[in-house]
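# Examination of the molecular architecture
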Amino acid sequence: MAFFNKFTYGSRAKEENEELLAIVENLNNILNIKKNYGSFLTDLGIRDMNEYTSRDRITKAVMEEVKQNIERFEPRVRIIGIQEEQGDNPFMMSFSIECMIRQNSKSLNMIFNSVLNNFRIANP
């Protein structure tokens, strides 16, 4: 059946959508793994930031780890920028991650919440 799918109308859009879903799923896995837990890869995941007392230092450390994890474990995207999203709750951190999908040069914007360990796509 896969052979015939290549000739159907809209199959390119379907392939791009499936690729985007695969990237999102992988990013979800990468950003929701705690370092040294749940994986045999010791450098995969976000570590505890309990040694920091300054919110600025925690923010910088999380952004750097998110960047390193995406660069190392999701080669299909290129990071354009990561910045903190300002919110009302001082105990909650959210980050906006802007990426470009290498295969088709489409942009991908995500919001990553480090407290709730989830992220959402801002523009699918």
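Everything numeric here is computed off the predicted structure, so don't read it as measured data.

This next bit is on the overall build of the chain. Check the secondary structure of the chain and you find three helices and four strands. Shown N-terminal to C-terminal, the secondary structure of the chain runs as helices and strands in the order α-α-α-β-β-β-β. Here the chain holds 124 residues, and the buried ones make up 31% of them. Once local pairs closer than 6 in sequence are excluded, the contacts in the chain between residues at least 24 apart make up 38%. Of the roughly 8500 Å² of accessible surface on the chain, a fraction of 51% belongs to carbon and sulfur atoms.

The residue glutamate 74 is located in the loop between helix H3 (55-73) and strand S1 (77-85) in this model. Classification of glutamate 74 as buried rests on a relative accessible area of 0%. Here asparagine 26 takes part through its side chain, which lies 2.7 Å from a polar atom of the side chain of glutamate 74. For glutamate 74, the contacting residues outside a window of four places in its chain are Ile23, Asn26, Leu27, Ile30 and Asn69.

For H3, spanning 19 residues, the distance from its first C-alpha to its last is 27 Å, which sits close to the expected 27 Å at 1.5 Å a residue. Within H3, the full set of buried residues consists of Ile58, Thr59, Ala61, Val62, Glu65, Val66, Asn69, Ile70 and Phe73. Its side-chain oxygen at 3.3 Å from the backbone nitrogen of aspartate 56, serine 54 defines the N-terminal cap of H3.

Bringing the nonpolar core into the picture now. Within the largest apolar cluster, 26 residues are counted, with the highest numbers of intra-cluster contacts made by Met49, Val66, Ile70, Ile97, Cys99 and Leu108. Mapped onto this core, the elements with two or more residues apiece are helix H2 (11-31), H3, S1, strand S2 (94-101) and strand S3 (107-113).

Reading guide: rules and limits
Residues numbered from 1 in each chain as written. Predicted model: local features only at pLDDT ≥ 70, side-chain atom pairs only at ≥ 80, totals over all residues. Heavy atoms only, no water. Helix = DSSP H or I, 4+ residues; strand = E, 2+ residues; numbered from the N terminus. Buried < 20%, exposed > 50% of the residue type's maximum accessible area, 1.4 Å probe, protein only. Contact = heavy atoms within 4.5 Å. Areas by Shrake-Rupley, 256 points an atom, 1.4 Å probe, with all protein chains shown as cover. Polar contact = N/O pair within 3.5 Å; in protein donor to acceptor, adjacent residues only side chain to side chain. Expected span 1.5 Å × (residues − 1). Core = buried A, V, L, I, M, F, W, Y, C linked by side-chain atoms within 4.5 Å.

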